[in-house]
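Residue-level structural notes
Listed here are the chains, written in short residue letters.
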Amino acid sequence: MYPDDLKYSKEHEWVRMSGDIAEIGVTVFAQESLGDVVFVDLPEVGTNVEQFAKFGEIESVKAVSDLFSPIGGKITEVNSAAADTPEVVNEDPYGSGWLIKVELNDTAQLDELMDAATYQATLE
Amino acid sequence: MASSAHTSPNHPYIPSTDSERAEMLGAIGVDSLDALLEDIPAQHRHPKLNLAAGLSEQELSTVFGSIAAENASPSSGYISFLGAGSYSHYIPSTVRSILQRGEFVTAYTPYQPEAAQGTLQVGFEFQTIVCQLTEMEVANAGMYDGPTAFAEACLMAARVTKRTKIGVLSSTDKRLSDTLLAYSKYQGIEIVEVAADATDIPDDLACIGIQSPNFFGEIEDVQRLTKLAHDNGALSVVHVNPTALGMFKAPGEFDVDIVTAEGQPLGVPMAFGGPYVGLFACKKAHIRQMPGRIIGRTTDTKGRTGYALTLQTREQHIRRERATSNICTSTQLIGLMVTVYAATLGKQGMKDLASLCYQKAHYAAAEINKLDGYSVKSSGTFFHEFVVTCPSAPPKINEALLKKKIIGGLDISDRSESGMLVCVTETSSKADIDRFVKALSEIGVSA
Amino acid sequence: MDRSVTGRKAFTLPASDVPTQNLPDSSLLRDDVELPEVSQLEVIRYFSVLSQLNFSIDTNFYPLGSCTMKYNPKINDELSNLPGLANIHPLQPDVTVQGAIRLLKNLQDDLGEITGLSGVSLAPLAGAQGEYAGLLIARAYHDARSDSARTVAIVPDSAHGTNPASAAMAGLEVVTVRSDDQGNVDVENLRELANSNTAVFMLTIPSTLGLFEPNILEITKIVHDAGGLVYADGANLNALLGVVKLGDLGVDICHSNLHKTFSTPHGGGGPGSGPVMVTNELAKFLPKPVAVKTDVGYVLATPEMSVGSINGFHGSFSIAARAYAYIKALGQEGLRSVSENAIISANYIQAKLRDKYDLAADRYCMHETVLSAARQKKRGVAGLDIAKRLLDFGIHAPTMYFPMIVDEALMVEPTESESKETLDHFIAVMRQIDDEVDSAPELLHDAPHDLPVTRLDEATAARKPVLRWSAEV
C-alpha cells in the first residue's frame, strides 16, 4: 500500500528519487478518498514550484483537491497519460499514475518528508 | 401572544388533523408544539402576522382576474411593437400541453439521475438545440436569462485569458453591461467601451462583448470583430437573438469563443420580464470554465443509455468559493419550453418564422419611412427591430398611441435622438402594421 | 433528433401577408438549420414518455432536506398564466401594467411582514442571486460609510455551497466559523473572528442541520458590535412562518426562496425566485426594480443608492404571481399552520427513527431532521446506498452528504403537505432498509433496481463528456 522506497508528504503525495529528479504522485489513500479520478490539472514543463506549494488540482466526480508538491524545483516532465486517461491515477498511483517530475534543488527538503511507516501511522 | 399547537380548521394544502398532530406530539414525547420551540427567544415567538385571512380558490380567481384586467395586452385589445430583449411570438399548443405534466413541473434538480431521466434527457436535448442553432461545440443546460448569461460569459473570458479588462461594444443593450457591472463590481474587473466601428483595441482585453443583432436591431460584422479580438489575444463573446438564427449565419461559423442569448423568444411568454432562460455555448476547449449545469450522456450498469449531471466540480456545491459561478437553481423548466418549441417548429418552422418576422418588420419600416416627419434610421441589415427617428419626443407619441390602444416601440431618445425602437414579429398582421402606421401619421402631424 | 425524417413537420405558420421585401446579402444568411423534423404527435409522445421517467412531488414523496418539496397548487399555475399576466411586456409603460406592479407591491409587503424586514426587492431570479444581491447591499452599506476595511464574510462550516460562492463573487474573503458538537455556531469562535474587517456574517436560519440557534440574539449582537451586518439565508424559512420574524432577531438582510417556502414549482431545476429583504436603513441599496405606490399609481422605481441591475428585467414575475396566490390562499393563520405542521412532522420522523439512525444533534429539530448513516456505514452500507434503495420504494432520496460537517448525512424534510400515512410509510421503509443492511446488503449496494436505469457511470461522463446529440454517435 505504501512502498518503502518512497517518501510521503502530509498532503498525501509521494516522491521517488532517481538522481536529482523527483517523481511525484498521489498515494493510494488519496485516490481512494477521491473516488474515480476524472481530471488532473497539471502545470507546464519548465514552471518552478516551491516545496509544499500548490502545483495543480485533481478532480473526481464529486470532489476537487489541490495538489501540493512535496519538494521544490523546476518541473522537467508532466505525465500526459494522467491528463488523457485520468483513471490511471486510480489504477496505478505509484507507477504509471505519476503526475510530475521535479528537478530537486535542495536535498535537505527530503528530510522534511515521511517514510512509509510514519505516513501510514498518520492515516490511522 | 398565542401559543400551543394550532387547532384551526384544516387547509387543503395541510393534511394533518388535530388528532394526528396530538398522536405525533405524543410519539415525539412532548405535550405541545411549544416544547419544540424553546430555542426561540420567548419574546419573539409567535408574532402576529398582519396578513389577511386565507381565500378560497374561487375568491383567489376573482382577485387575480381583477389584477389581470388592469393590464393592457393583446387580450384586452392592444397591439404592441415593443421588443428590446423580450419578444412577442406565438407559442404552440405543444409547449403548453407538455407544461401541464406535473412530472416535469414538480420535479427537483436531477441530483439523483436514476429518478430524473426525464428532466435530464430534456436538458440534453436542450443543449443539443442550443448547439445546433448557434453552431457551437458545447452548451450548458441554461442560465437565468440573456443578460446574466452575457455577464457570466465575459467573466469566463476573464478567467480563460487571465486578463481583467472586459471590452463591450457600444452598440449593445445597456441591460447587458449593467448586469455585467453588477456581477463584476468586486472582482477587480474594468469594463471598457469599444466603439462599434473600432479597427483597433487595447491589447489587454479579455474579450470583446458583441450583440448581434445589436440593440438597434442591426446585424454586426461578427467575423471582423472576432478577428480583431483574436489578433489581440482576446476572446469573442457574442450575444445573439435565437429567432434571427433561423435566417442569419450562426456565430459558430465565425470562430466565436462564447455565445449567449436570451431564450425567451423560443416559446416562453413575455410575462412582464420573467422567468426566462439564458442560452450559453462555447468552444469545447473552454468547457471546464463554463458556468451552469451540464448534462452528459453515459451508460448504466447494464449498458443502457442514460443521462446525468456532469463536470459538477465546476459548480458551487463542490468547489464553493472557487466555483465558476454561484448559480444553483436556474431555469430548467423554461429550458423544457424552449426544447419543445424548437422540436415543434423544427427545421422548416424556424426558417419560416425568421422569414415572416423579417418580412413584416421590413414592410413596416418601409411604410413608416414614407411618413412625413418620420425616418427609419437603421442602415445596414436589420432583422425584426429598427430605429425610427420621430418628429417629436417618442414618449409623447407613445402616449397618443396608447389612446388608440397601440403600445408603441421603446423610447431610446437617450441613445438616438428622437429615436423609437420598433419591433415587428409574426404576431403582427398586415392590418396591425397598417393601423400602427396610420396612427403614427395622424399623431406625427399633431403632436 | 434520432427520430427525424426529412420533410416531416410538427407545425405550420401562416403565410406572409405583406409585400415581399428584399433579402439581405446571401453572405449573411445561413445555409440550413439543423433541427428535428418530426410530426406533432411525435413531439407530444416523445416528451410525454420522458415525463414518466421522473420522480416528482405530484407522483412521489420527496423529502429532500432544505428543498421544501411541498405541494405546488395547480391554481397558482393557472392564475399566473392568465393572458393579462402572461402576455404583458416588461417595458410597457407603468400606466399600462398597474395590475402587475400592484401584485409585486403586495407581495413585497407580505414578504416584509412575514420576515419583519420591510425593504424588499423581488428582482433576484434564484436564492443564489438573492444572496449575491444581499452581499452587494452589505458592501454598498460599508462603502457608503467609507469603511473600506470590511472585506471579510464569515460563513459557518455547515453553510450551503452558494454562500461562499456568492461571497467570492462579491470580492469578499471567506472565513469559516466552527460549529460546536450540538450543531450550533461556536459563539466563542465567532467572537474571536468578528472584527473591523467583518463585512457580513452569513447564517442559515434555521441552520443547515435544521436547528434553531439558541444563541441567536448573542450572535447578532457580536456581529453588530464589531460593525458588521447579519445576513440570513432564508432557504429554511418554512420553519419560521408565524413562528418568529428574522427582523426581530437582529437580522439585517435575508433572502427567501419562493420555489421552496412559497410553493412555486421546482421545474426540474428552476425557474426560482430569491427576493431579498432588508431593514429600512438598507432599503436604499436594494437592487432595481422595487414596486412603489405613489399618488399617481404604482410604479417600478430604482432605490436612490441601488446596487443596480442584477439581471435583465424585473425578476421572475410569474413565479412571484404564484407565490402571491399561495400567500393569499393560506392567509395569516394558514401560513402559521404551515410551519407548525412542518416542525411537528419532521420531529415525528426523527423520534421514530432515532433508535436505528444516528442523529446529527440530539435535540428537537425544526422543519427538517439530519440523520446520519454512520451506524450503517460501520456495517458496510453507505448513505448513498440507502438513498438509492429508497428510490425502489418510490420515495425520492433525502438530501445526501450535506451538510459536510455530518458524516454520511441524510437530511429529511417532509413538509406540511404530507399525510401521517405517508410519514409512517417512510418510517417503515427506512426501518426495513436498516434491516436489509444486515440481511441483504447487496440489495442496497446495487440499488436502485426498479427504475428505468440503474446507477450511472458518472466517471466516464466526466472523463469523456458527451454533451449533445450528433449524427455520428
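Residues numbered from 1 in each chain as written. Chains lettered and ligands numbered in written order. Predicted model: local features only at pLDDT ≥ 70, side-chain atom pairs only at ≥ 80, totals over all residues. Heavy atoms only, no water.

1. A closer look at the sheet that holds strand β14 (residues 410–411) of chain B
Residues and elements named next belong to chain B. Within the open sheet, the four strands sit side by side as β11-β12-β15-β14. Their pairing is antiparallel. Either end of the sheet is taken by a strand with one partner, and the two such strands are β11 (375–376) and β14. In terms of strand pairing, strand β12 (residues 385–389) meets strand β15 (residues 419–423) through five bridges, oriented antiparallel. By the bridge assignment, F386 is partnered in β15 with V422. Taken strand by strand, helix α10 (residues 332–369) contacts β11 and β12, and its axis lies near 10° from that of β12. On top of the sheet, helix α11 (residues 394–403) reaches β14 and β15; it is set at about 45° to β15, its chief contact. (Pairing = 2+ DSSP bridges. Helix = DSSP H or I, 4+ residues; strand = E, 2+ residues; numbered from the N terminus. Contact = heavy atoms within 4.5 Å. Axes fitted to C-alpha atoms, helices over the stretch in contact; angles between N-to-C directions.)

2. Focus on the side chain of B:R21
Within the fold, B:R21 resides in helix α1 (residues 18–28). On the basis of relative accessibility, which here comes to 7%, the residue B:R21 falls in the buried class. (Buried < 20%, exposed > 50% of the residue type's maximum accessible area, 1.4 Å probe, protein only.)

3. So, helix α4 (residues 98–115) of chain C
Residues and elements named next belong to chain C. The first and last C-alpha atoms of α4 sit 26 Å apart over 18 residues, in line with the 26 Å expected at 1.5 Å per residue. Buried residues dominate α4, accounting for 16 of its 18 residues. G116, located one to two residues past α4, shows a positive phi value of around 75°. (Expected span 1.5 Å × (residues − 1).)

4. Section: the confidence of the model for chain C
On average, residues of chain C carry a pLDDT of 95, and 100% of them reach 70 or more. As scored by the predictor, the complex reaches a pTM of 0.94 and an ipTM of 0.96. (pLDDT = per-residue confidence, 0-100.)

5. Notes on the sheet that holds strand β5 (residues 205–212) of chain B
All names here are of chain B. The strand order β2-β8-β7-β6-β5-β3-β4 describes an open sheet built from seven strands, whose pairing is mixed. This sheet does not close on itself; its edge strands, each paired only once, are β2 (138–139) and β4 (190–194). Note: strand β3 (residues 165–169) against β5, four bridges, orientation parallel. Each residue of the ladder has a partner; that of V168, found in β5, is G209. Set on the sheet, helix α5 (residues 117–134) makes contact with β2, β7 (258–262) and β8 (278–282); between it and β8 the angle comes to about 70°. Contacts from helix α7 (residues 174–184) reach β3, β4, β5 and β6 (235–240) within the one sheet, and its direction differs from that of β4 by about 160°.

6. Some thoughts on the environment of C:D110
Tracing the backbone shows C:D110 in helix α4. Remark: the alpha-carbon pair of C:D110 and C:D233, spanning 123 residues in sequence, is separated by 18 Å. Dropping the residues within four chain positions of it, C:D110 is found in contact with B:L51, C:Y324 and C:I327.

7. A word on the interface of chain B and chain C
On the chain C side, the residues contacting the 187 residues of chain B number 193 residues. For the pair chain B and chain C, the two sides together bury roughly 16,300 Å², of which 63% comes from carbon and sulfur. The tally of links from chain B across to chain C stands at eight salt bridges. A salt bridge links B:K351 to C:D32; the nearest nitrogen and oxygen atoms lie 2.8 Å apart. Where chain B packs against chain C, one counts 78 residue pairs in polar contact (both at pLDDT 80 or more). No other element matches α10(B), which puts 24 residues into the side of chain B that touches chain C. Looking at side-chain class alone, the side of chain B that touches chain C contains 89 nonpolar, 64 polar and 34 charged residues. (Buried area = accessible area lost by both parts, 1.4 Å probe. Salt bridge = Lys/Arg side-chain N within 4 Å of Asp/Glu carboxyl O. Polar contact = N/O pair within 3.5 Å; in protein donor to acceptor, adjacent residues only side chain to side chain. Nonpolar A, V, L, I, M, F, W, Y, C, P; charged D, E, K, R; others polar.)

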